[in-house]
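# Topology and contacts: notes
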Amino acid sequence: MKNFALIGAAGYIAPRHLKAIKDTNNNLIAALDKFDSVGIMDSYFPNSDFFVEFERFDRHIEKLKRNQNINLDYVSICTPNYLHDSHIRMALRRDADAICEKPIVLNPWNIDALSAIEKESKGKINTILQLRLHESIIQLKNKVDLADKNGKYDIDLTYITSRGKWYDISWKGDESKSGGIATNIGVHFYDMLSWIFGNVQENIVHLREKNKAAGYLEFENARVRWFLSIDENDLPYEVKQKQQRTFRSISIDGEELEFSKGFTELHTESYKKILLNEGFGLNEVKKSIEIVHSIRNNEILKNGEKHPFLS
Ligand code: NAD
Ligand code: HP7
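Residues numbered from 1 in each chain as written. Chains lettered and ligands numbered in written order. Predicted model: local features only at pLDDT ≥ 70, side-chain atom pairs only at ≥ 80, totals over all residues. Heavy atoms only, no water.

Let's shift gears to the pattern of salt bridges. Proximity of charged atoms lets side chains of opposite charge pair with each other. In the structure shown here, the tally under the stated rule is 21 salt bridges. Of the charged contacts, one joins Asp112 and Lys286 as a salt bridge, the two residues approaching to 2.8 Å between their closest N and O atoms. Remark: Lys286 occurs in helix α12 (residues 282-297) and Asp112 occurs in helix α4 (residues 108-120); sequence separation between them is 174 residues. Judged by its relative accessible area of 41%, Asp112 is partly exposed. One salt bridge connects Lys141 with Asp145, and the closest N-O pair in it is separated by 3.4 Å. You can see Lys141 and its partner Asp145 sitting in helix α5 (residues 135-146), four residues apart, about one turn around the helix. Judged by relative accessible area, Lys141 falls into the buried class, the value being 17%. In the salt-bridge network here, residues are joined through shared partners; they are Asp58, Glu62, Arg66 and Arg94. (Salt bridge = Lys/Arg side-chain N within 4 Å of Asp/Glu carboxyl O. Helix = DSSP H or I, 4+ residues; strand = E, 2+ residues; numbered from the N terminus. Buried < 20%, exposed > 50% of the residue type's maximum accessible area, 1.4 Å probe, protein only.)

Pairing is mixed in the open sheet, where six strands are placed in the order β8-β9-β10-β7-β11-β12. Looking at strand neighbours, the two that pair on one side only are β8 (200-208) and β12 (255-258), the edges of this open sheet. Geometrically, the sheet is characterised by an average inter-axis angle of 15° between neighbouring strands, direction not taken into account. Alignment of strand β11 (residues 246-252) against β12, held across four bridges, turns out to be antiparallel. Residue Ile250 lies in a different strand from β12, and its bridge partner there is Leu257. Sheet strands touched by α5: β7 (153-161), β11 and β12. Its angle to β12, the strand with the most contacts, is close to 145°. Across the face of the sheet, α12 comes into contact with β8, β9 (212-219) and β10 (222-229) while running at roughly 40° to β8. (Pairing = 2+ DSSP bridges. Axes fitted to C-alpha atoms, helices over the stretch in contact; angles between N-to-C directions. Contact = heavy atoms within 4.5 Å.)

As a matter of local geometry, ligand 2 sits amid 16 residues, with Tyr12, Arg16, Tyr159, Thr161 and His188 nearest to it. Between ligand 2 and the protein, one listed contact pairs an oxygen atom with a side-chain N or O atom of Lys172 at 2.7 Å. For ligand 2, the accessible surface in isolation is 710 Å², of which the surrounding protein chains cover 75%. When residues of the shell around ligand 2 are traced back to their parent elements, those giving at least two are β7 and α6 (166-169). When its residues are assigned to classes, the shell around ligand 2 shows six nonpolar, five polar and five charged. Three or more residues apiece are contributed to the shell around ligand 2 by two domains, here domain 1 (3-129) and domain 2 (131-310). (Near = heavy atom within 4 Å. Polar contact = N/O pair within 3.5 Å; in protein donor to acceptor, adjacent residues only side chain to side chain. Areas by Shrake-Rupley, 256 points an atom, 1.4 Å probe, with all protein chains shown as cover. Nonpolar A, V, L, I, M, F, W, Y, C, P; charged D, E, K, R; others polar. Domains from an automatic or database assignment.)

This part is about the site of ligand 1. Taken together, 25 residues surround ligand 1, and among them Asp33, Asn81, Gln130, Trp171 and Lys172 come closest. In the environment of ligand 1, an oxygen atom lies 3.2 Å from a nitrogen or oxygen atom belonging to the side chain of Asn184. Bound to the protein, ligand 1 loses 84% of the 840 Å² it would expose on its own. The residue makeup of the shell around ligand 1, split by class, is 10 nonpolar, 10 polar and five charged. Looking at which domains feed residues into the shell around ligand 1, each of domain 1 (3-129) and domain 2 (131-310) gives three or more.

Attention shifts here to the nonpolar core. One finds Tyr190, Met192, Trp226 and Ile250 to be the most contacted residues of the largest nonpolar core, which totals 67 residues. For this core, the leading source of residues is helix α9 (residues 187-197), giving seven residues. Two domains each donate at least three residues to this core, and these are domain 1 (3-129) and domain 2 (131-310). If we skip the residues at most four places from it in the chain, Trp226 touches Leu157, Phe189, Tyr190, Ala213, Ala214, Gly215, Tyr216, Leu217, Ile295 and His307. Within the second largest apolar cluster, 20 residues are counted, among which are Ala9, Ala14, Val38 and Met41. (Core = buried A, V, L, I, M, F, W, Y, C linked by side-chain atoms within 4.5 Å.)

This part covers the side chain of Arg132. Tracing the backbone through its elements, the reader meets Arg132 in the loop between β6 (125-127) and α5. By relative accessible area, Arg132 is classed as buried at 6%. A polar contact is formed between the side chain of Arg132 and the side chain of Asp191, at a distance of 2.7 Å. For Arg132, the contacting residues outside a window of four places in its chain are Ile138, Asp191, Trp195, Phe280 and Glu284.

Next up on the list: the UniProt feature "domain: Gfo/Idh/MocA-like oxidoreductase C-terminal" (unreviewed entry) in the chain. What UniProt calls "domain: Gfo/Idh/MocA-like oxidoreductase C-terminal" (unreviewed entry) maps, in this numbering, to residues 153-240. Taken end to end, residues 153-240 is 31% helix and 39% strand, and its two terminal C-alpha atoms sit 29 Å from one another. (UniProt positions renumbered as here; feature names shortened; annotations may be inferred.)

What follows concerns the domain arrangement of the chain. The domain boundaries assigned to the chain delineate domain 1 (3-129) and domain 2 (131-310). Relative to domain 2, the C-alpha centre of domain 1 lies at a distance of 26 Å. Roughly 3,100 Å² is buried in total at the junction of domain 1 and domain 2, and carbon and sulfur atoms are behind 66% of that figure. Of all residues in domain 1, Leu106, Ile111 and Leu129 bury the most surface against domain 2, accounting for 23% of the area lost on that side. The interface formed by domain 1 and domain 2 contains two salt bridges. Scanning the region where domain 1 abuts domain 2 turns up 16 residue pairs in polar contact (both at pLDDT 80 or more). Taken together, the elements giving at least two residues each to the side of domain 1 that touches domain 2 come down to α1 (14-23), β4 (74-77), α4 and β6. Looking at which element gives the most residues to the side of domain 1 that touches domain 2, the answer is α4, with seven residues. Taken together, the residues that form the side of domain 1 that touches domain 2 break down as 19 nonpolar, nine polar and eight charged. (Buried area = accessible area lost by both parts, 1.4 Å probe.)

Put into structure tokens, the structure is as follows:
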């Protein structure tokens with residue numbers, strides 16, 4: 001049984017980490033959040049200590065080590081994106097492995113800095129990229145790997161996941177903290193695309209607004225017109241009719257792959273892999289962090305292949 005600590009325990013995603021720690025038969029010894037609405041912990045680890053101040057959390061972990069020989073094995077990090085690197089360093093300083101939510105950091109150079117610290121430490125840095133563990137996406141990767149295709153795949157990727165007004169007010173709506181929607185939400189599909197279709201050859205941004213973005217990405221093996229939105233008005237009519245608020249679709253050479261479902265247990269699957277030392281590390285995330293950094297900073301262009309939603 002491994003000992004875990006969790007940072008960001010009161011947030012939206014923390015229950016999936018609590019569940020994953022529990023499902024993999026491990027133990028939570030301490031949790032931290034600035035916000036004290038953490039009753040959810042009773043459903044998983046009622047005996048875990050909880051802190052609202054980092055210093056007390058840190059002191060507690062130190063005391064467990066000195067007085068009771070209880071060592072920390074993993075720190076799960078569910079805090080806002082711009083704080084990840086700091087919380088990862090805390091884990092490594094304690095000789096623990098980090099399991100950090102996506103996007104691991106906002107900029108490519110942050111990865112280099114973490115890599116240098118990881119080399120000096122005993123701990124490993126893992127991130128959550130659960131789309132790589134999604135059944136439909138794995139099938140797609142297998143199909144592409146085995147295909148004897150002449151030329152590139154033509155792909156339209158449409159990723160709409162509606163959010164209310166709160167999103168803009170929260171840290172998620174603040175580009176300096178979340179990176180904006182292409183970084184905060186789109187990172188999943190840029191990672192998945194580069195995992196399946198190879199290195200990026202062209203990255204054109206056609207639209208970059210607070211609640212939507214679109215562009216064209218060319219990989220070694222695919223040309224991708226992409227559209228990402230958190231605006232419910234962008235949902236296709238038939239999706240709205242069914243009262244659904246999420247629509248994720250990839251059309252590959254005209255063939256539709258719907259992957260809106262099957263996301264719920266993927267954190268547990270991610271933890272299983274990490275515990276086998278097969279987690280996704282810094283090398284694996286680099287491509288997607290480079291893509292989102294470019295999407296944030298590239299000039300918006302009028303030319304090039306546009307996603308059909310833009311015309
Ligand atoms: P959230 O705002 O709901 O939760 C973040 C929590 O961190 C809050 O409870 C907040 O009080 C706490 N926090 C903020 N600063 C802190 C600090 N300095 N010390 C301790 N706690 C602090 O956000 P969320 O949706 O849970 O997102 C958390 C992370 O998970 C983000 O990195 C996000 O990108 C990622 N996420 C991933 C997925 C996924 O599909 N893998 C889904 C949602 C969120
Ligand atoms: N929801 C909330 O109530 N609060 C939140 O903070 C987020 C969602 P999905 P996930 O928005 O920050 C995706 O779209 O898949 C509600 C991204 N992950 O399925 O869980 C929402 O209104 C993630 O990287 O959300 O998370 C829906 O009702 C990104 O950080 C419901 O939860 C996160 O949005 C489910 O919404 C975000 C993927 O796209 C895989």
